[in-house]
Amino acid sequence: MTRFEVKGDKRFLVIGRVGDTSIHQQWLQPAEYKNFDLCLSYFGNTPQRYVNDCDFYHEIPGLKWPTVKDTIEAFGDGIYHYDAIWMPDDDISANAYDINRMFKIFMEQGLELAQPSLTLDSYYGHGITLQNSNYFLRYSQFIEPMVPLYTRETFQKLLPTFEKSESGWGLDFVWPKVLGYPHQKLAIIDEVAVKHTRRVGGGELYKNISGSQWDDLYRITAEYDAAINFRMTHYGGKPKGKRVMFALLAHKDEHVLAAQIENIRKFNPEAGIVLYNGGEDSQFGKGMNAAVCEYSRHLTWGHLAPFLWDVMKWLDEHKVNYEYLVNLDDDMLFVKPGFEAYLDQTMRGYDCMGWDMQTCRSVREADNMNKQSMWEEWGRWGSLFQTDHFLRYFNPTQVYRRGIVKKMLKAADVSLVDQWLSESQVVALEEFFFVTFAASLGGKCREFPRDQRLNVMRHEHEIEQNEAHAAMHHYMYHTIHPVKGDRLLHLHNQLMAGDIPYVDPNPPQPQPQPSPSAQARRPLIRRKRVVLKKRLLPRKRPMLKKVAGKRKKVLNNKKPLLKKRVKTVKAVKTVKAIKTIKTIRTIRTVKPVKAVIPKKPKSGKKRIQPKVGMKKLSAPGGGWAKPQSTIWSKFGKKVGA
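Per-chain numbering applies: the sequence of each chain, read as written, is numbered from 1 onward. Local features in this predicted model are restricted to residues of pLDDT 70 or higher, and side-chain atom pairs are both shown and tallied only at a pLDDT of 80 or more, whereas totals for entire chains, interfaces and linings draw on every residue. Side-chain measures were taken over the full set of non-hydrogen atoms in the model, leaving aside hydrogen atoms and water.

A.B. asks: Go over the packing of helix α9 (residues 369-376) against helix α10 (residues 378-385), please, and point to the residues and values.
C.D. replies: An axis is simply a line fitted to the C-alpha atoms; with a helix, the fit covers only the stretch in contact. Between two such axes, the angle follows the N-to-C directions and lies from 0 to 180 degrees. Per the convention used, a helix needs a DSSP run of H or I reaching at least four residues, while a strand needs a run of E reaching at least two, with both numbered from the N terminus. For the pair α9 and α10, interaxial distance at closest approach is 6 Å and the crossing angle is 75°. Considering the angle they form, α9 stands roughly perpendicular to α10. Where α9 approaches α10, its residues Met 374, Trp 375 and Glu 376 are matched on the opposing element by Trp 378, Trp 381 and Phe 385. Under this grouping Gly is polar, as are all residues other than the nonpolar Ala, Val, Leu, Ile, Met, Phe, Trp, Tyr, Cys and Pro and the charged Asp, Glu, Lys and Arg. Residue classes in the contact of α9 with α10 are distributed as 5 nonpolar, no polar and 1 charged. Convention used here: angles under 35 degrees read as roughly parallel, angles over 145 as roughly antiparallel, angles from 65 to 115 as roughly perpendicular, and any remaining angle as oblique. Whether two residues are in contact is decided by their heavy atoms, any of which lying within 4.5 Å being enough.

A.B. asks: Tell me what's going on with the environment of Leu 491, and back it up with residues and numbers.
C.D. replies: Within the element layout of this structure, Leu 491 appears in helix α15 (residues 485-497). Among residues more than four places away in sequence, those in contact with Leu 491 are Leu 333, Gln 465, Ala 468, Ile 480, Val 483 and Ile 500.

A.B. asks: I'd like a rundown of the nonpolar core, residues and numbers included.
C.D. replies: In these notes, a set of buried Ala, Val, Leu, Ile, Met, Phe, Trp, Tyr and Cys residues joined through side-chain atoms within 4.5 Å is what counts as a nonpolar core. Each residue is assigned to one of three classes by its accessible area relative to the maximum for its type, calculated with a 1.4 Å probe on protein chains only: buried under 20%, partly exposed between the two thresholds, exposed over 50%. Residues Trp 381, Tyr 400, Phe 433 and Ile 480 are the most contacted members of the largest nonpolar core, which totals 99 residues. Listed in part, the 35 residues of the second largest apolar core include Tyr 57, Ala 84, Val 147 and Val 194.

A.B. asks: Kindly report on the pattern of salt bridges, identifying the contributing residues and their values.
C.D. replies: Definition used for salt bridges: Asp or Glu carboxyl oxygen within 4 Å of a side-chain nitrogen of Lys or Arg. One pass over the full model with this rule turns up 28 salt bridges. Residue Arg 11 pairs with Asp 83 through a salt bridge whose shortest N-O separation is 2.6 Å. One end of the pair, Arg 11, is in the segment before β1 (12-18); the other, Asp 83, is in the loop between α1 (64-75) and β4 (84-86), and 72 residues separate them in sequence. We note a salt bridge from Arg 198 to Asp 91, for which the minimum N-O separation is 3.8 Å. Here Asp 91 lies in the loop between β4 and β5 (92-93) and Arg 198 lies in the loop between β9 (186-196) and α5 (213-224), a separation of 107 residues in the sequence.

A.B. asks: Lay out empty space enclosed by the protein with the relevant residues and their values.
C.D. replies: Think of a 1 Å grid over the protein atoms and nothing else: a 1.4 Å probe that fits but is trapped marks a cavity, an open set flanked by protein within 12 Å on at least five of seven lines marks a pocket, and residues with an atom within 4 Å of a point count as lining. Grid points are joined across faces, edges and corners, and a volume is the space filled by probe spheres set on the points. Per the stated rule, a full pass over the model turns up 4 cavities of 30 Å³ or more. Approximately 50 Å³ is the volume found for the largest cavity. For the largest cavity, the full set of lining residues is Ile 15, Gly 16, Arg 17, Ser 41, Lys 64, Thr 67, Val 68, Thr 71 and Met 87. Contributions of two or more residues to the lining of the largest cavity are made by β1 and α1. Sorting elements by how many residues they give to the lining of the largest cavity places α1 first, with 4 residues. Classifying every residue of the lining of the largest cavity by side-chain character gives 3 nonpolar, 4 polar and 2 charged.

A.B. asks: Summarise the environment of Lys 195; cite the residues concerned and give the values.
C.D. replies: Its location among the elements puts Lys 195 in strand β9. With relative accessibility at 31%, the residue Lys 195 sits in the partly exposed group. Lys 195 sits 71 residues away from Tyr 124 along the chain, and the two C-alpha atoms are 9.4 Å apart.

A.B. asks: So what's going on with the side chain of Asp 331? Residues and values would help.
C.D. replies: Looking at the element boundaries, Asp 331 is found in the loop between β14 (324-328) and β15 (333-334). Asp and Glu are treated as the negative residues and Lys and Arg as the positive ones, with His and the ends of the chain left uncounted. No salt bridge is formed by the buried Asp 331, whose closest oppositely charged neighbour, Lys 484, lies at an N-O distance of 4.5 Å. The contact partners of Asp 331, leaving out residues within four places of it in the chain, are Gln 260, Ile 480, His 481, Pro 482, Val 483, Lys 484 and Leu 488.

A.B. asks: Could you give an account of helix α14 (residues 465-472), with specific residues and numbers?
C.D. replies: Two residues of an α-helix separated by three or four positions point the same way, owing to the 3.6 residues in each turn. Regarding α14, the residues found buried are Gln 465, Ala 468, Ala 471 and Met 472. The arc enclosing the buried residues of α14, seen along the axis, measures out at 120°, which places them on a common side. Of the surrounding secondary structure, the elements contacted by the buried residues of α14 are β19 (479-480) and α15. Arc, as used here, means the arc of the directions from the helix axis to the C-beta atoms.

A.B. asks: So what's going on with the sheet that holds β14? Residues and values would help.
C.D. replies: A sheet is described by the order of its strands in space; here 7 strands give the open sequence β13-β12-β11-β14-β17-β16-β18, paired in mixed fashion. Two strands close off the open sheet at either side, each with one partner strand: β13 (291-292) and β18 (445-447). In this analysis, strands are considered paired if DSSP registers two or more bridges between them. Here β14 pairs with strand β17 (residues 390-401) via 3 bridges, running antiparallel. Across the sheet, the residue bridging to Tyr 324 is Arg 401, located in β17. Sheet strands touched by helix α8 (residues 339-346): β11 (244-250), β14, β16 (352-360), β17 and β18. Its angle to β14, the strand with the most contacts, is close to 120°.

A.B. asks: Quick rundown of the state of the cysteines? Include the residues and the values.
C.D. replies: Cysteine sulfur atoms are paired as a disulfide whenever they fall within 2.5 Å. Scanning the entire structure with this criterion turns up 0 disulfides. The thiol of Cys 54 is not disulfide-bonded; the next cysteine sulfur, from Cys 39, is found 6.8 Å away. We classify Cys 54 as buried; its relative accessible area is 16%.

A.B. asks: If you had to explain helix α2 (residues 96-108) to someone new, which residues and values would you point to?
C.D. replies: How far a helix is expected to stretch is found by multiplying one less than its residue total by 1.5 Å. In this model, α2 (13 residues) spans 18 Å end to end at C-alpha, consistent with the 18 Å of a helix rising 1.5 Å per residue. N or O atoms closer than or at 3.5 Å make up a polar contact, with two conditions inside protein: a donor-capable atom paired with an acceptor-capable one, and, for residues adjacent in sequence, both atoms drawn from side chains. Between a side-chain oxygen at the N-terminus of α2 and the backbone nitrogen of Tyr 97 the separation is 3.1 Å; the capping residue is Asn 95. Backbone geometry just after α2 places Gly 110 at a positive phi near 65°.

A.B. asks: Can you tell me about the side chain of Arg 402, naming the residues and giving the values?
C.D. replies: Among the structural elements, Arg 402 can be located in helix α11 (residues 402-411). Among buried Asp, Glu, Lys and Arg side chains, Arg 402 stands out as unpaired, with Asp 316 the closest opposite charge at 4.9 Å. Reaching out from Arg 402, the side chain makes a polar contact with the side chain of Asn 321 at a distance of 3.0 Å. Excluding its chain neighbours within four sequence positions, the residues that come into contact with Arg 402 are Lys 319, Val 320, Asn 321, Tyr 322 and Glu 323.

In structure tokens:
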């Protein structure tokens, strides 16, 4: 067997078990970043095919894992020259720059066993191995044999397990057990991602195994008494630094939380999100697209100050770089992009910013229960702040630069402040603690610009749709608060669609339409036939006009409006025409006589005596009589009128 002679001072080794379709050439470029030795173990059909591509080369048929022992024997004691060893499959796409960074991070973080993450367009078998942009790296008790990275000592411990599985299945459950499940020593490095270019289980090596992959899995896990758990999770990690880091407090309704995180990602694609689980369920939010703060604990309403303090400590311990730290509640939304640029503009020369900044200098100025409770514990907090007054910010969207955060953590006894925050009974202490502490250390504080005509960052009364529409088109506002539950989901869907439409507050009310079935059941109502009386027009008097050259007068209207039927009576005189529905006839009355005999009075009544208003008859014999009632009295006219 060929013996390898290790030369040079390179600390890292890459061992590739490669076939005729290998893409290992990508690992060597750019050449200036190649800080490792490459050993290729070839199982293909063309002798000496890749002899010029590597530092160490040998050919041996067989499977990947059982033959690793032969490759290591070729190195002899020279294998211990290397500090770390990486063993990728031959269908892994990576470059020398990424491999260089992977080795560097692995050694700096003091890991024992790790792997680079997989790009989102890779073929993968376990979702946990895909790159998570919220993390620099994630701690886990699962490392896939596709791309494992070992320290020298770990490689020696795990070498006997390699030949126990032809396919490599089951090794990922056995390795953590053999190492004793070390805390924060096994990790998936999200800062470096490689691409798996072929379907899982579809390589040439899998065609030559004697049984099935499942046989390997159950056999080796039984031999080492290792638990099989396909629900792999990470239990912490180092968050990835971004210029803007959002600290998001949540405790219930994961579907609402998922929509809120999607909203933050849409309008702040370059920002980082740290999720703080303030509920009782320790598994809440684990599957969200956000880094989960390891110091999360159960919090109660009105006592949320530990939330932002824990996030500050966690980021500082992991040396996460950021420019702005912004706290968010679980009942708020972004309504437009550009928040980072807005912070750069408004916070120029300032260390912190929040909504509704207030100063309270004495107990007499404490105009609510929150401020009064702060004065009750001022003996404790005043000793920390070394001031005689305190400031106040409305809690959501407080912004602090990293510089002032580092000053606060350095000036305080962290363990003592932890105790005080847990014991404090100050209502809404989070509104006073951070801004007052920052100001006491020389930080310059200001408040967000606000339009007094539009208040969409308030404590009570949920934001209406038209208010959200106005905020979306107002340059001063990027967030709205409060919006909860179904309303948050509704506004989020509208924002994802592109706009929040304006709603007419007084829309026209549609007339209710009866259903066809109701119309069918409606009884038939016979309408009464209404006979309209013909409008009776007064007959126009004939107008006589002179005819030129003649003395004879002719009638102007030759055609009368209505036909007249005249009843002739001898020795009578025509009085006037009466209008009726069908005809107009001329009533002729008897020529007035000289004396009119009054009607005979009814029995039991006296004869009519002359009274005021009676007319004296001009007929012979004289006498008095009431005016006779005639046909004209029915039309409200007097006789002879």
